[in-house]
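In case you want the letters, here they are:
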Amino acid sequence: MESSSLPSLPEENHADNDNNNSSNVPSPSSSAFFSIPHRPPSTLASSNKYSPLNWSDYYDREDDVCIPNSDNVFHVYMAGTEGPVVFCLHGGGFSGYVKRELKGRPSAQHAQAAAGFGGLSFSLSAKIIKEKARVVAMDLRGHGKSSTENELDLSIETLCSDVLAVLKTMYGDSPPAIVLVGHSLGGSVAVHVAAKKALPSLAGLVVVDVVEGTAMASLIHMQKILSNRMQYFPTIEKAVEWSVKGGSTRNIESARVSIPSTLTYDDSKKCHCFIPCQLHTHSTIGGNGTILERLQTPRSTVPAQQDGPIGGVYEQGPAAVGGARYEGLSEKFLSSPVPKLLLLAGTDRLDRALTIGQMQGKFQMVVVRHTGHAIQEDVPDEFASLVLNFISRNRIGPRGVE
């Protein structure tokens, strides 16, 4: 047996202990346990660990889609050259770039939109999917680099019309096979687009962690969640770090792509913020200065039962928003006449209609374990594999089912 390199412990000397109490404290030379063990410095500083990554590392190109006979311009990120088109729709706030400016009054959707995901939330998955299919990720109205005539109109009908207009403008009368992939809010939009049966080349529908029952039930808690959300950060890296440690995005690399693009710099406060500055704030947070303020939706601008520029969505709060977006969603999903895949982060999200439909084999369902709400961000490799397997299983080629 090899001998230990640790120095030997000192022998006990009771006489010395009685005469000199200081001998109870070992000297550095007499004890192997006196000094703090050496730990090598971290190989990756915090500022580098959470530093931003560029979209071009994942997508091949970006473009603006100008809708004819309107002033609407929608920004898209694209990757891949062959196979069907996987058309990705982000959740509220999961856009490539959250709006730098908002026209008119702030709304509950805008607060949700700035809560943190997007076209870029599909970045890591797109890098894998593009090897076998084309990927298009769109910035929805009121999000990112898209610019529209009415940024406040985020009704489900308008969002569906936007998606159809973009597809029409990009591909004309001979579109390739389209697989709609929608996360959260984007999942609701995807289901409504499919239900309209206005897209003849639609070959598949993938909905990511949005179910009518749980969505409706959670709406009453949305305002409280938004009002407690941290808003201001001294650096982009601190915002990325907070998002990861707070659990909104569990994958550090994905957060480094998607979170920086949801920030804007507030010159007056000399810091970065998630939420456009029309929203009021309260309670400066002390400590190390990482988080400076919290968001507070201005209650004084919320008439109780007054219709606004988006059909009462802002004035009646998040419940009114979701009521239109999610009511009847399960039946619309089940009635879509294309192959369907539902990805969930937990079985508790299933409502009665979907439970029955799943038992009847009306759609494929996969529960993705050990992930949060943003499945495509948290486990991009598994997400990409599930989408590609869905395409292969249903024999979806560039021109449809083969």
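The model shown is predicted, which means the values in this text are computed figures rather than measured ones.

Observations concerning the overall build of the protein chain
- Looking only at helices and strands, the protein chain has 15 helices and 15 strands in total.
- Of all 402 residues assigned to the protein chain, the portion counted as buried reaches 51%.
- Counting contacts in the protein chain only where the partners sit at least 6 residues apart, residues at least 24 apart contribute 71% of the total.

Looking at the packing of helix H5 (residues 156-171) against helix H6 (residues 185-196)
- Contact geometry of H5 with H6 gives a least axis separation of 9 Å together with a crossing angle of 75°. On the basis of the axis angle, H5 is roughly perpendicular to H6. On H6, the residues that touch Ile156, Glu157, Leu159, Cys160, Val163 and Leu164 of H5 are Leu185, Ser188, Val189, His192, Val193 and Lys196.
- When its residues are assigned to classes, the contact of H5 with H6 shows eight nonpolar, two polar and two charged.

Structural notes on empty space enclosed by the protein
- Following the criterion strictly, the structure yields two cavities of 30 Å³ or more and no others.
- Estimated volume of the largest cavity: approximately 40 Å³.
- In this structure, the largest cavity is lined by ten residues; those nearest its centre are Val207, Val210, Leu329, Phe333 and Leu354.
- The greatest single-element share of the lining of the largest cavity, amounting to three residues, is contributed by helix H12 (residues 329-335).
- Residue composition of the lining of the largest cavity, grouped by class: eight nonpolar, one polar and one charged.

Here we look at the sheet that holds strand E8 (residues 264-266)
- Taken together, three strands build an open sheet; the order of strands is E7-E9-E8 and the sheet is antiparallel. Both edges of this open sheet fall to strand E7 (232-233) and E8, since each of them pairs with a single strand only.
- Bridge count between E7 and strand E9 (residues 271-273): two bridges; the pairing is antiparallel. Counterpart to Phe233 in the pairing with E9 is His272.

Remarks on the nonpolar core
- Counting residues in hydrophobic clusters, the biggest one holds 41 residues, and the most contacted among them are Phe87, Met138, Val163, Val189, Leu205 and Phe333.
- Other than its neighbours up to four places away in sequence, Phe87 contacts Val136, Met138, Val163, Val166, Leu167, Ile178, Val179, Leu180 and Val181.
- Counting residues in hydrophobic clusters, the runner-up holds 37 residues, among them Tyr77, Cys88, Ile129 and Phe390.

Things to note about the pairing of strand E5 (residues 178-183)
- With respect to burial, E5 is a largely interior element, six of its six residues being buried.
- Relative to E5, strand E3 (residues 85-89) runs parallel, the two being bridged by five bridges. In the sheet register, Cys88 faces E5, and the bridge partner there is Val181.
- Sheet topology note: the E5/strand E6 (residues 202-208) ladder contains six bridges and is parallel.

A short note on the sheet that holds E5
- The eight strands lie next to each other as E1-E2-E4-E3-E5-E6-E12-E13, forming an open sheet whose pairing is mixed. Across the chains shown, the open sheet's two edge strands, defined by having one partner strand only, are strand E1 (61-66) and strand E13 (364-367). The sheet shows a mean angle of 20° between the axes of neighbouring strands, direction not considered.
- Across four bridges, E6 lies against strand E12 (residues 340-344) in parallel orientation. Residue Val206 lies in a different strand from E12, and its bridge partner there is Leu341.
- Contacts from helix H15 (residues 380-393) reach E3, E5, E6, E12 and E13 within the one sheet, and its direction differs from that of E12 by about 160°.

Let's talk about the pattern of salt bridges
- This structure, assessed with the given rule, holds seven salt bridges.
- Here Glu157 makes a salt bridge to Lys196, at a shortest N to O gap of 2.9 Å. In this pair, Glu157 sits in helix H5 while Lys196 sits in helix H6, placing the two residues 39 residues apart along the sequence.
- Of the charged contacts, one joins Glu241 and Lys245 as a salt bridge, the two residues approaching to 2.7 Å between their closest N and O atoms. Linking Glu241 with Lys245, this pair stays in helix H8 (residues 236-246), spanning four residues, or about one helical turn.
- Here the salt bridges share partners, and the residues they tie into one network are Lys238, Glu241 and Lys245.

Overview of the environment of Thr148
- Examined against the element boundaries, Thr148 turns out to sit in the loop between strand E4 (134-138) and H5.
- Relative accessible area serves as the criterion here: at 3%, Thr148 is assigned to the buried category.
- Separated by 82 residues in the primary sequence, Thr148 and Cys66 have C-alpha atoms spaced 9.9 Å apart.
- Looking at Thr148, its side chain comes within polar contact range of the side chain of Glu151, at 2.6 Å.

Side note on the packing of aromatic side chains
- In total, this model carries five aromatic pairs according to the counting rule given.
- Consider the rings of Phe122 and Phe383, whose centres lie 6.2 Å apart with planes at 45°: the pair is tilted. Within this pair, whereas Phe122 is found in the loop between helix H3 (108-113) and helix H4 (123-129), its partner Phe383 is found in helix H15, the two being separated by 261 residues in sequence.
- Accessibility expressed as a relative area gives 2% for Phe383, which makes it buried.
- When the ring of Phe233 is compared with that of Trp242, the centres are 5.6 Å apart and the planes differ by 50°; the resulting orientation is tilted.
- Assessed through its relative accessible area of 0%, Phe233 is described here as buried.
- Overall, Trp242 belongs to the partly exposed group, its relative accessible area being 23%.
- Following the ring pairs from residue to residue traces out a cluster consisting of Trp55, Tyr59 and Tyr77.
- Sitting over the ring of Tyr232, Lys269 keeps its end group 5.3 Å from the ring centre.

Reading the values: the criteria
- Residues numbered from 1 in each chain as written.
- Predicted model: local features only at pLDDT ≥ 70, side-chain atom pairs only at ≥ 80, totals over all residues.
- Heavy atoms only, no water.
- Helix = DSSP H or I, 4+ residues; strand = E, 2+ residues; numbered from the N terminus.
- Buried < 20%, exposed > 50% of the residue type's maximum accessible area, 1.4 Å probe, protein only.
- Contact = heavy atoms within 4.5 Å.
- Axes fitted to C-alpha atoms, helices over the stretch in contact; angles between N-to-C directions.
- Parallel < 35°, antiparallel > 145°, perpendicular 65-115°, else oblique.
- Nonpolar A, V, L, I, M, F, W, Y, C, P; charged D, E, K, R; others polar.
- 1 Å grid on protein atoms, 1.4 Å probe; cavity = no way out; pocket = protein on both sides within 12 Å on 5 of 7 lines; lining within 4 Å.
- Points joined across faces, edges and corners; volume = space filled by probe spheres on them.
- Pairing = 2+ DSSP bridges.
- Core = buried A, V, L, I, M, F, W, Y, C linked by side-chain atoms within 4.5 Å.
- Salt bridge = Lys/Arg side-chain N within 4 Å of Asp/Glu carboxyl O.
- Polar contact = N/O pair within 3.5 Å; in protein donor to acceptor, adjacent residues only side chain to side chain.
- Phe/Tyr/Trp six-rings, centres within 6.5 Å; stacked < 30°, edge-to-face > 60°.
- Lys NZ or Arg CZ within 6 Å of the ring centre and 35° of its normal.

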